[in-house]
Amino acid sequence: MRERENHVADRLQALVDGELSPEEERTVRDHCEQCERCGSLLREVEDVYRRLGDLPPADLEESLWPVVQGRLRGRTARRSLPFAVGASAMAAAGILIGLLLGPASGTDPAAGGETTWAEMGSLFDESTVPTLDTVYLGLDSEEESQ
Amino acid sequence: MNDDEAMARVAQGDEEAFRLLVLRWEQPVFRFLERMIGSEEEARDLSQETFLRVFSQARRYRAAGRFRSWLFRIAGNLARSRLRRNSVVRWVRFDPILHDPASEGDGPDRRLERKETAERVRRALARLPHRQRQALLLRRYEEMSYREIAGAMGLTQAAVESLLQRAMERLKKDLAGKGDR
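Rules of the game
Residues numbered from 1 in each chain as written. Chains lettered and ligands numbered in written order. Predicted model: local features only at pLDDT ≥ 70, side-chain atom pairs only at ≥ 80, totals over all residues. Helix = DSSP H or I, 4+ residues; strand = E, 2+ residues; numbered from the N terminus. Buried ≥ 20, exposed ≤ 12 C-beta atoms within 10 Å, placed from the backbone. Contact = placed C-beta atoms within 7 Å. pLDDT = per-residue confidence, 0-100. Expected span 1.5 Å × (residues − 1). Arc of directions from axis to C-beta. Core = buried A, V, L, I, M, F, W, Y, C linked by C-beta atoms within 7 Å. Axes fitted to C-alpha atoms, helices over the stretch in contact; angles between N-to-C directions. Parallel < 35°, antiparallel > 145°, perpendicular 65-115°, else oblique. Left-handed = near helix turned anticlockwise from the far one by under 90°. Nonpolar A, V, L, I, M, F, W, Y, C, P; charged D, E, K, R; others polar.

### As for the overall build of chain A
Turning to step 1, where the next piece is worked out: Of regular secondary structure, chain A possesses seven helices and zero strands.
Turning to step 2, where the next piece is worked out: What you see in chain A, going N to C, is helices and strands ordered as α-α-α-α-α-α-α.
Turning to step 3, where the next piece is worked out: Across the 146 residues of chain A, 14% fall into the buried class.
Turning to step 4, where the next piece is worked out: Relative to all contacts within chain A whose residues are 6 or more apart in sequence, the contacts with residues 24 or more apart total 49%.

What follows is the structure, given as structure tokens:
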């Protein structure tokens with residue numbers, strides 16, 4: 001009987017979480033109705049879940065979107081800076097050569113402009129962003145044993 | 001537009017699709033991170049970082065109807081990383097009762113009682129190991145299935161169940177008063 005009780009006790013969490021098949025759920029619930037020990041354990045689990053409901057959620061008072069959008073554009077601007085400096089230097093060199101060699105051709109190689117949203121995505125390429133595995137999934141080896 | 005469709009557009013640089021995802025998921029992500037970290041300010045910061053990473057990794061996302069797991073995996077890993085760095089969790093600045101519309105009609109005694117109860121739960125959650133806390137928050141408050149939690153934590157479903165069982169054992173003791181400070 002003890003072995004059977006332990007087995008049912010091990011399924012109480014899954015029962016409360018709705019993870020059992022209908023047949024398993026019926027078996028475990030039937031057992032809990034007859035077994036004082038397992039019935040008591042089930043009520044304890046349900047009680048803890050109920051108590052967790054006493055913690056009200058924190059809600060965002062303002063959307064994150066304006067800040068997220070700003071940070072993305074900030075990243076883009078920072079990443080674009082070396083290119084802009086390089087382009088300006090090339091333009092200055094071009095103008096100097098043009099002045100030395102003759103009349104200007106009428107083109108402006110330094111013409112810039114805002115980076116489009118579609119171009120932002122290309123800035124986060126594989127060379128600038130580590131892979132999911134290294135960034136997000138590499139944490140487990142450092143985790144405390146839990 | 002569902003999440004997978006939105007992500008396909010984000011991968012192409014569609015700002016509107018990304019805005020839609022942020023607006024759709026910012027509250028659940030913030031709520032999870034606030035309970036995980038215990039600081040509203042840090043939760044807001046990590047929520048922003050989570051969405052920035054969603055954007056930067058959009059082209060790697062493989063549509064399979066698992067966006068929520070993928071999103072909370074990023075958020076959870078950022079939270080655990082921050083918790084390891086902080087080492088000391090700050091759990092007292094946010095007063096949930098002041099933000100809870102359900103408490104508006106309560107008298108002073110009832111408000112105090114609700115505040116103490118919430119604080120007790122908060123402290124009990126704070127004492128859980130990070131991974132137990134993460135699994136429990138995803139199950140109890142975000143109502144994820146074991147399969148979704150497994151996806152969000154890179155674990156098997158059996159491991160998720162085991163984490164939840166251990167978390168509940170600790171909480172039973174803490175919320176019953178044993179070991180509460």
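### A short note on the overall build of chain B
Turning to step 1, where the next piece is worked out: A count of helices and strands for chain B gives eight helices and zero strands.
Turning to step 2, where the next piece is worked out: For chain B, the N- to C-terminal ordering of α and β elements is α-α-α-α-α-α-α-α.
Turning to step 3, where the next piece is worked out: Burial analysis of chain B (181 residues in total) assigns 43% to the buried set.
Turning to step 4, where the next piece is worked out: Of all intrachain contacts in chain B linking residues separated by at least 6 positions in sequence, the fraction that spans at least 24 positions is 62%.

### A few points about the confidence of the model for chain B
Turning to step 1, where the next piece is worked out: When pLDDT is averaged along chain B, the result is 86, and 86% of the positions lie at 70 or above.
Turning to step 2, where the next piece is worked out: Taken together, the chains of this predicted complex give a pTM of 0.72 and an interface ipTM of 0.77.

### A word on unusual backbone geometry
Turning to step 1, where the next piece is worked out: The backbone of Glu-143 of chain B sits at a positive phi, close to 55 degrees, despite the residue not being glycine.
Turning to step 2, where the next piece is worked out: Position of Glu-143 of chain B among the secondary structure elements: in the loop between helix H6 (130–140) and helix H7 (146–153).

### Considerations on helix H3 (residues 40–56) of chain B
A turn of α-helix holds 3.6 residues, and therefore any two residues three or four places apart point the same way.
Turning to step 1, where the next piece is worked out: Across its 17 residues, H3 of chain B extends 24 Å between first and last C-alpha, which sits within 8% of the 24 Å expected from 1.5 Å per residue.
Turning to step 2, where the next piece is worked out: In terms of burial, H3 of chain B is a largely internal element, 13 of the 17 residues being buried.

### Some details on the environment of Arg-9 of chain B
Residue and element names in this part refer to chain B.
Turning to step 1, where the next piece is worked out: Along the chain, Arg-9 falls in helix H1 (residues 3–11).
Turning to step 2, where the next piece is worked out: With 17 C-beta atoms counted inside 10 Å, the residue Arg-9 sits in the partly exposed group.
Turning to step 3, where the next piece is worked out: Linking Arg-9 and Ala-58, residues 49 residues apart in sequence, is a C-alpha distance of 8.9 Å.
Turning to step 4, where the next piece is worked out: With residues near it in sequence (within four places) discarded, Arg-9 still touches Asp-14 and Ala-17.

### Focus on the confidence of the model for chain A
Residue and element names in this part refer to chain A.
Turning to step 1, where the next piece is worked out: When the pLDDT values of chain A are averaged, the result is 68; 47% of them are 70 or greater.
Turning to step 2, where the next piece is worked out: For chain A, per-element mean pLDDT is lowest for helix H7 (residues 132–135), which scores 42, and highest for helix H2 (residues 12–16), which scores 94.
Turning to step 3, where the next piece is worked out: A low-confidence stretch, residues 103–145 stays under pLDDT 50, and its non-local contacts, those more than four residues away or across chains, total 41 contacts.

### Here we look at helix H5 (residues 108–127) of chain B
Turning to step 1, where the next piece is worked out: With 20 residues, H5 of chain B should reach 28 Å at 1.5 Å per residue; the first-to-last C-alpha distance of 29 Å fits that figure.
Turning to step 2, where the next piece is worked out: Within the span of H5 of chain B, buried status applies to Val-121, Ala-124 and Leu-125 of chain B. For H5 of chain B, the angular spread of the buried residues around the axis is 105 degrees, confining them to a single face. What points out from H5 of chain B, more than 90 degrees from its buried face, is the exposed set Pro-108, Asp-109, Leu-112 and Glu-116 of chain B.
Turning to step 3, where the next piece is worked out: Each element contacted by the buried residues of H5 of chain B is listed here: helix H4 (36–52) of chain A together with helix H2 (15–37), H6 and helix H8 (157–175) of chain B.

### Thoughts on the nonpolar core
Residues and elements named next belong to chain B.
Turning to step 1, where the next piece is worked out: In this structure, Leu-33, Leu-71, Ala-75, Ala-135, Ile-149 and Ala-167 are the most contacted members of the largest nonpolar core, which totals 59 residues.
Turning to step 2, where the next piece is worked out: By residue number, the principal contributor to this core is H2, which donates ten residues.
Turning to step 3, where the next piece is worked out: Those residues in contact with Ala-75 that sit more than four places away from it in its chain are Val-29, Phe-32, Leu-33, Leu-46 and Thr-50.

### Observations regarding the packing of H2 of chain B against helix H4 (residues 67–86) of chain B
Residues and elements named next belong to chain B.
Turning to step 1, where the next piece is worked out: The N-to-C vectors of H2 and H4 enclose an angle of 30 degrees; their axes lie 10 Å apart at closest approach. As the angle between them shows, H2 and H4 are arranged roughly parallel. H2 and H4 meet at a crossing whose hand is right-handed. Side by side, H2 and H4 meet where Trp-25, Val-29, Phe-32, Leu-33, Met-36 and Ile-37 of the first sit next to Leu-71, Phe-72, Ala-75, Ala-79, Arg-82 and Leu-83 of the second.
Turning to step 2, where the next piece is worked out: Among the residues making up the contact of H2 with H4, the classes are represented as eleven nonpolar, no polar and one charged.

### A word on the packing of H2 of chain B against H3 of chain B
Axis angle and axis distance: for two packed helices, these are the angle between their axes and the distance between the axes, and together they describe the pair.
Residues and elements named next belong to chain B.
Turning to step 1, where the next piece is worked out: Across the interface, H2 lies against H3 with an axial gap of 8 Å and an inter-helix angle of 140 degrees. Here H2 is positioned oblique relative to H3, judged by the angle of their axes. In the crossing of H2 with H3, the sense of the turn from one axis to the other is right-handed. For the pair H2 and H3, the contacting residues are Phe-18, Leu-21, Val-22, Glu-26, Val-29, Phe-30, Leu-33, Glu-34 and Ile-37 in the first and Glu-40, Glu-42, Ala-43, Arg-44, Leu-46, Ser-47, Thr-50, Phe-51, Val-54 and Phe-55 in the second.

### Remarks on the environment of Pro-22 of chain A
Turning to step 1, where the next piece is worked out: Tracing the sequence through the fold places Pro-22 of chain A in helix H3 (residues 22–34).
Turning to step 2, where the next piece is worked out: When the C-alpha positions of Pro-22 of chain A and Leu-55 of chain A are compared, they lie 31 Å apart, and in sequence the two are 33 residues distant.

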